[in-house]
Amino acid sequence: MSGLSVAHRVALAALIEQASDSTLTKLSSAAVALPGARAQELADMLAEEVLDRRRRRLVLAPLLPMFRPRPDGIEAMTFPPTVLPRLWKAGSSREPDLLCRLDDEDASAPAVADRICVAAAAAVRDRPDMIWPSGIEPQRREQGLADLAACLDLAHLARRGLPSIEIWLKRPDGDQIAELRLLIKDCAEIHVDGAQRVLEMLFSHLDDAVLILRIITQSSCSSGREGFLSASELSGFVERLIAGVAARVTRIGSFRAGSDLANVDVVIEDLTWCANVLNELDVTLTLNPLSVWGKSVRDARVSIAGQLSAFLRAADRAVDKALPLERVQIAGRMTRKSPQLTAPIQGETVQAVRHLLKLVGAVRGPASIFGAESDRKKLVESLTDRLSDYADQALTIVNDGEADDEVNALRLVELSARCLDLIDARDAARTVRRRAAVAGAGKGGSNPSSRAA
């Protein structure tokens with residue numbers, strides 16, 4: 001059987017280049033098991049691409065995260081993903097004889113990687129159209145090319161600092177702090193804005209954006225003071241974090257439990273993120289309460305604290321709507337409140353209570369940061385008693401044979417147990433479920449609570 005034609009190889013090469021690393025690994029494993037000459041050629045192409053990408057990851061490690069947007073949405077120096085393979089081909093093609101020395105990852109591998117980065121920087125300056133075609137993000141192409149070339153100039157220094165990131169984020173000693181400051185100084189000597197650029201490169205390697213503050217404040221004896229930092233080129237990092245908080249405050253404020261239930265997980269993430277950022281700002285920086293930064297932080301705290309209080313009140317009301325009580329006559333004119341066991345177990349009110357109670361149970365940390373933990377704790381205690389009492393009354397009605405629809409009644413009991421789970425009242429939820437199981441078994445049928453919404 002004949003092998004792949006030139007057209008086939010060109011088409012496959014284009015597809016392979018677009019495949020993600022995980023997909024490429026799966027394709028390589030599958031191709032090896034296929035019979036035939038064409039399958040063997042495909043397997044060879046895939047193996048070659050896997051090797052090439054491993055070399056690319058090693059050489060461009062300091063810049064690699066910059067070829068994708070930050071997952072947290074914080075502004076950062078980034079480059080189009082399509083530029084990455086073009087950049088690698090341009091740089092590696094200038095040093096083809098050295099590529100094999102990257103495979104052993106011996107002592108010479110970092111030096112080879114640095115040399116290829118220098119070649120890539122020259123390619124960016126000499127042949128910008130090949131690296132970054134004019135049709136790709138043209139509005140920022142010119143500045144992006146300058147940033148890319150400058151970052152490649154600093155790649156050898158950033159590579160030296162990457163292993164120390166974890167140390168700088170914790171409690172570095174004097175020697176480790178001196179290493180960071182020497183790195184910043186060396187970068188500043190290569191480029192006027194070299195210090196900022198290398199911090200951008202380190203920033204791209206941090207999943208948690210606020211951690212860059214720990215590195216910045218270690219970079220100079222004065223960096224912990226707002227006055228010094230706000231006047232330096234490093235102020236952009238703080239401003240981006242504050243802008244990220246402001247964007248999340250707006251998103252939290254626009255959340256309405258009755259009409260936007262699907263976004264409750266996003267609200268929980270936003271609350272947690274804002275709490276971490278504002279707490280880190282307090283720990284790492286001495287903010288002037290009358291400054292722009294200080295006012296922004298204070299306004300964000302006040303706004304989020306108000307939103308948390310509103311969510312707690314809404315959760316309290318949602319329980320009453322989803323698990324309503326009705327007045328029933330006891331004797332004569334005497335009445336008491338009793339569970340309305342014909343209430344629906346699906347619908348907007350039920351979804352609302354689920355999502356709001358999920359929020360109440362998940363924001364213990366943020367509530368502590370924003371001064372709402374006392375109110376949250378009181379609400380949890382109150383809801384635990386109310387939900388447990390609701391379930392007890394409902395089960396009593398079921399056991400007495402007074403429920404018009406026992407299946408619906410037991411499902412409402414399971415809903416109350418689920419609500420207890422959401423506010424982390426696990427013991428109370430287990431008690432309710434044990435009693436519900438006995439009630440269901442006592443009627444001689446399957447337990448409807450196991451199929452509750």
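Owing to the predicted nature of the structure, the values given are computational and were not obtained by experimental measurement. (Residues numbered from 1 in each chain as written. Predicted model: local features only at pLDDT ≥ 70, side-chain atom pairs only at ≥ 80, totals over all residues. Heavy atoms only, no water.)

Chemist: I'd like a rundown of the overall build of the chain, residues and numbers included.
Modeler: Looking only at helices and strands, the chain features 21 helices and two strands. Taken against the 2.2 N^0.38 rule, which gives 22 Å for 453 residues, the C-alpha radius of gyration of the chain at 30 Å runs more than 25% over that of a compact globule. For the chain, the spread of C-alpha atoms along the three principal axes comes to 100 × 75 × 40 Å. Expressed as a percentage of its 453 residues, the buried residues of the chain come to 47%. Partitioning the intrachain contacts of the chain with sequence separation of at least 6 by distance along the chain shows that 71% fall at a separation of at least 24. (Helix = DSSP H or I, 4+ residues; strand = E, 2+ residues; numbered from the N terminus. Rg over C-alpha atoms; globule rule 2.2 N^0.38 Å. Buried < 20%, exposed > 50% of the residue type's maximum accessible area, 1.4 Å probe, protein only. Contact = heavy atoms within 4.5 Å.)

Chemist: An account of the layout of surface pockets is needed here, citing residue identities and associated values.
Modeler: Roughly 900 Å³ of internal volume is contained in the largest pocket. In terms of lining, the largest pocket is formed by 29 residues, of which the most central are Glu17, Glu49, Arg53, Arg56 and Pro85. Top element by residues in the lining of the largest pocket is helix H3 (residues 37-59). It accounts for nine residues. The residue inventory of the lining of the largest pocket, partitioned by class, reads twelve nonpolar, four polar and 13 charged. (1 Å grid on protein atoms, 1.4 Å probe; cavity = no way out; pocket = protein on both sides within 12 Å on 5 of 7 lines; lining within 4 Å. Points joined across faces, edges and corners; volume = space filled by probe spheres on them. Nonpolar A, V, L, I, M, F, W, Y, C, P; charged D, E, K, R; others polar.)

Chemist: Mind laying out the side chain of Arg53, listing which residues take part and the relevant values?
Modeler: With respect to the helices, strands and loops of the structure, Arg53 is situated in helix H3. Residue Arg53 is classed as buried on the basis of its relative accessible area of 3%. Discounting residues that sit within four places of it in the chain, Arg53 has contacts with Ile16, Glu17, Gln18, Ala19, Ser20, Asp21 and Leu24.

Chemist: How would you summarise the confidence of the model for the chain if you had to cite specific residues and measurements?
Modeler: Of all residues in the chain, 90% have pLDDT values of 70 or greater, and the mean over the chain is 86. Considering only residues more than four positions removed or in separate chains, one finds that residues 442-446, a stretch of pLDDT under 50, has six contacts. Ignoring residues within four places in sequence, the model shows residues 448-453, a span with pLDDT below 50, making 13 contacts including any to other chains. (pLDDT = per-residue confidence, 0-100.)

Chemist: With reference to specific residues and values, describe unusual backbone geometry.
Modeler: With a phi angle near 45 degrees, Glu137 is a residue other than glycine that sits in the positive phi range. Take Glu137: it is sitting in the loop between helix H6 (128-131) and helix H7 (141-153). For Asp424, which is not a glycine, the phi torsion comes out positive at approximately 70 degrees. Tracing the backbone shows Asp424 in the loop between helix H20 (406-422) and helix H21 (426-442). For Asp424, a relative accessible area of 43% corresponds to the partly exposed category.

Chemist: I'd like to hear about the side chain of Arg55, residue by residue, with values.
Modeler: Positionally, Arg55 belongs in helix H3. When sequence neighbours within four positions are dropped, the list of residues in contact with Arg55 reads Trp88, Leu99, Cys100, Leu102 and Asp103.

Chemist: Now, about the pattern of salt bridges: what can you tell me, with residues and values included?
Modeler: Throughout the structure, instances matching the rule amount to 28 salt bridges. For Arg160, the salt bridge identified is with Asp186, shortest N-O distance 3.3 Å. Pair noted here: Arg160 is in helix H8 (residues 155-161) and Asp186 is in helix H10 (residues 174-190), with a separation of 26 residues, a long-range link. A salt bridge links Glu373 to Arg376; its shortest N-O distance comes to 2.9 Å. Linking Glu373 with Arg376, this pair stays in helix H19 (residues 373-399), spanning three residues, or about one helical turn. With respect to class, Glu373 is no different from Arg376; both count as buried. Salt bridges linked by common partners bring Arg364, Glu414, Asp421, Asp424, Arg426 and Arg433 together as one network. (Salt bridge = Lys/Arg side-chain N within 4 Å of Asp/Glu carboxyl O.)

Chemist: Account for the environment of Met130, naming residues and giving values.
Modeler: Among the structural elements, Met130 can be located in helix H6. Classification of Met130 by relative accessible area gives partly exposed; the value is 33%.

Chemist: Report on the packing of aromatic side chains, specifying residues and quantitative values.
Modeler: Taken as a whole, this structure holds three aromatic pairs when the rule is applied. On the basis of an interplanar angle of 45 degrees and a centroid distance of 5.6 Å, the ring pair of Phe67 and Phe79 is categorised as tilted. Highlighted residues: Phe67 in the loop between H3 and helix H4 (83-92) and Phe79 in the loop between H3 and H4, separated in sequence by twelve residues. On the numbers, 5.6 Å between centres and 75 degrees between planes, the contact of Phe255 with Phe311 is edge-to-face. (Phe/Tyr/Trp six-rings, centres within 6.5 Å; stacked < 30°, edge-to-face > 60°.)

Chemist: Residue-level account of H3, with values.
Modeler: Residues spaced three or four apart along an α-helix point in a common direction, a consequence of the helix completing one turn every 3.6 residues. With 23 residues, H3 should cover 33 Å at 1.5 Å per step; its first-to-last C-alpha distance of 33 Å lies within 8% of that length. By the burial criterion, the buried members of H3 are Ala39, Ala43, Met45, Leu46, Glu49, Arg53, Arg55, Arg56 and Val59. (Expected span 1.5 Å × (residues − 1).)

Chemist: I'd like to hear about the environment of Leu379, residue by residue, with values.
Modeler: Inspection of the secondary structure assignment puts Leu379 in helix H19. For the pair Leu379 and Ala315, spaced 64 residues apart in the sequence, the C-alpha separation amounts to 9.0 Å. Once residues within four sequence positions are removed from consideration, Leu379 is found in contact with Leu312, Ala315, Asp316 and Val360.

Chemist: Pulling in residues and values, what's your account of the nonpolar core?
Modeler: Core analysis: the largest hydrophobic core is formed by 130 residues, its most contacted members being Leu148 and Leu152. Setting aside anything within four residues of it in sequence, one finds Leu152 in contact with Leu60, Leu63, Leu87, Cys117, Ala120, Ala121 and Val124. Counting residues in hydrophobic clusters, the runner-up holds six residues, among them Leu24, Ala31, Met45 and Leu46. (Core = buried A, V, L, I, M, F, W, Y, C linked by side-chain atoms within 4.5 Å.)

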